[in-house]
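Residue-level listing of the chains:
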Amino acid sequence: MTATALFPLTWLYVPGDRPHIVAKALCSGADVVVIDLEDAVAPDRKEYARAATAELLSEPPPVPVHVRINAVDGPFAAADLAVVAHRPGLAGLRVPKVSTPAQIVRIALATDPATAWARPGTAAAAHVPGPGPPLHALLETALAIEHAYAVASAHPSLCGISIGEADLRADLGVRQDSGLDWCRARVVVAARAAGLPPPPQSVHPDIRDLEGLAASCAHGRALGFLGRAAIHPRQLPIIERAYLPTDRELEEAETIIKAATTDRGAQALPDGRFVDAAVVAAARRTLALARRC
């Protein structure tokens, strides 16, 4: 597995009913392309978007492609799953409007052909993990934030969680961006506590505000996020630059690893910094992230 696959930093959303835009997105440099069947597609275009996405995913594309299905409890999700869940080119399913762990379990079982069900009225047979697609949950309500860890640990098929900030902002009535920081931190902690990767940030909605995007990414990185969703290719280099280690961070990481190679115990560097196993592990992550370039 490549370093880019291990550390995706850019997740580019594109509408599923515009195949020509999807084709451009695949060549945009994004680490992951997310074909959206939900908010970006009008109800009367859902069927077309579904069919176009299924055709695209009939063979593996040049970069990983995820599909954001429609809301779990809505009228379109079942058809989305039936058409795209087992296409050869699918790298993951993004599940929006998740608020409880039961919703993730339901999607995981619905997309896993190896799941055995007992007859009605009896206990369910043991679940044998099969080739179901990796799932990524989007937390977009106050209830979802309250259930963040329960969702993050709901099922082995769940490989990531993140926030849908537009919906969450509306649900909470938050006016200032800083009003979401507690929710952001909670989701970062929930992901790591469940053994999941650090979540990517939600989209920056103004595609012209690149300075604001860079500042927001720096803030997100400080909170523990890794990478970010995007809605336009011009946002991709800003996100990548913000989340890759700086030259100084690389130099510090190399110094720490060199010191740890010489002496495996806890120690103090000549500049006074204390080095122990946790510091060494963080330095190794920094160097691994840098190798994706």
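Here the structure is a predicted model, which means the values were calculated and not measured. (Residues numbered from 1 in each chain as written. Predicted model: local features only at pLDDT ≥ 70, side-chain atom pairs only at ≥ 80, totals over all residues. Heavy atoms only, no water.)

Details of the sheet that holds strand 5 (residues 135-139)
Here is the rule: When DSSP finds two or more bridges between a pair of strands, those strands are recorded as paired. Strands are runs of DSSP state E lasting at least two residues, helices are runs of H or I lasting at least four, and both sets are numbered from the N terminus onward. Throughout, an axis means a line fitted to C-alpha atoms (over the contacting stretch in the case of helices), and angles, computed between N-to-C directions, take values from 0 to 180 degrees.
What the 7 strands build is an open sheet, ordered 6-5-4-3-2-1-7; its pairing is parallel. For this open sheet the edge positions go to strand 6 (158-163) and strand 7 (228-230), each flanked by a neighbour on one side alone. On average, each strand axis in the sheet is tilted by 25° relative to the strand beside it, whichever way the strands run. One ladder, built from 5 bridges, connects strand 1 (residues 10-15) with strand 2 (residues 32-36); its direction is parallel. In the sheet register, Leu12 faces strand 2, and the bridge partner there is Val33.

Side note on the side chain of Thr111
Test applied: Partly exposed residues are those whose accessible area sits between 20% and 50% of the maximum for their type, while under 20% is buried and over 50% is exposed, using a 1.4 Å probe and protein chains only. Here a polar contact is taken to be a pair of N or O atoms separated by no more than 3.5 Å, where protein atoms must pair a possible hydrogen donor with a possible acceptor and residues adjacent in sequence count only if both atoms sit in side chains.
Here Thr111 shows up in the loop between helix 5 (101-110) and strand 5. A relative accessible area of 2% means that Thr111 is categorised as buried. Within the structure, the side chain of Thr111 is placed 2.9 Å from the backbone oxygen of Ile107, a separation counted as a polar contact.

With respect to the nonpolar core
Taken as a class, soluble globular proteins show a tendency for nonpolar side chains to be buried jointly. Note the cut-off: The set of buried Ala, Val, Leu, Ile, Met, Phe, Trp, Tyr and Cys residues whose side-chain atoms join them within 4.5 Å is what this entry labels a nonpolar core. Residue contacts are counted whenever heavy atoms from the two residues lie within 4.5 Å of one another.
Formed by 62 residues in total, the largest nonpolar core has its most connected members in Val67, Leu93, Leu139 and Ile161. In contact with Val67, not counting residues within four places along its chain, are Ile35, Leu37, Thr53, Leu57, Val84, Leu90, Gly92, Leu93 and Arg94. Within the second largest apolar cluster, 10 residues are counted, among which are Ala253, Ile257, Ala260 and Val280.

So, the pairing of strand 3 (residues 65-68)
Consecutive side chains along a regular strand alternate between the two faces of the sheet. This is how it is decided: For crossovers, right-handed means that the path from the first strand over the helix to the second runs clockwise, given strands pointing away from the viewer.
Across the two faces of strand 3 the burial is the same, with Val65 and Val67 and His66 and Arg68 all buried. The pairing of strand 2 with strand 3 spans 4 bridges and is parallel. From the neighbouring strand, Ile35 faces strand 3, where its bridge partner is Val67. Crossover handedness for the path strand 2 to helix 3 (residues 46-56) to strand 3: right-handed. For the handedness criterion, the β-α-β arrangement of strand 3, helix 4 (residues 77-84) and strand 4 (residues 90-98) is classed as right-handed.

Regarding the confidence of the model for the chain
Rules: Confidence scores labelled pLDDT are given residue by residue by the predictor and lie between 0 and 100.
For the chain, per-residue confidence averages 90 on the pLDDT scale, and residues scoring 70 or more make up 89% of the total. Note that residues 116-129 has pLDDT below 50 and, in this model, 15 contacts with residues that lie over four places away or in other chains.

Overview of the pattern of salt bridges
Just so we agree on the cut-off: Just to be clear on terms, a salt bridge is a Lys or Arg side-chain nitrogen sitting within 4 Å of an Asp or Glu carboxyl oxygen.
In total, this model carries 17 salt bridges according to the counting rule given. For Asp17, the salt bridge goes to Arg45, with nearest N and O atoms at 3.1 Å. One end of the pair, Asp17, is in the loop between strand 1 and helix 2 (19-25); the other, Arg45, is in the loop between strand 2 and helix 3, and 28 residues separate them in sequence. Looking at Asp17, the relative accessible area reads 9%, which means it is buried. With a shortest N-O distance of 2.8 Å, Asp177 and Arg184 are connected by a salt bridge. Connected through salt bridges with shared partners, the residues Asp36, Glu38, Asp39, Arg68, Lys97, Glu140 and Asp167 form a single ionic network.

Considerations on the environment of Gly29
Note on placement: Gly29 falls in the loop between helix 2 and strand 2. The class for Gly29 is exposed, based on a relative accessible area of 53%. Sequence separation of Gly29 and Pro233 is 204 residues, and the distance between their C-alpha atoms is 8.0 Å. The contacts of Gly29, once residues within four sequence positions are left out, are Thr10 and Leu236.

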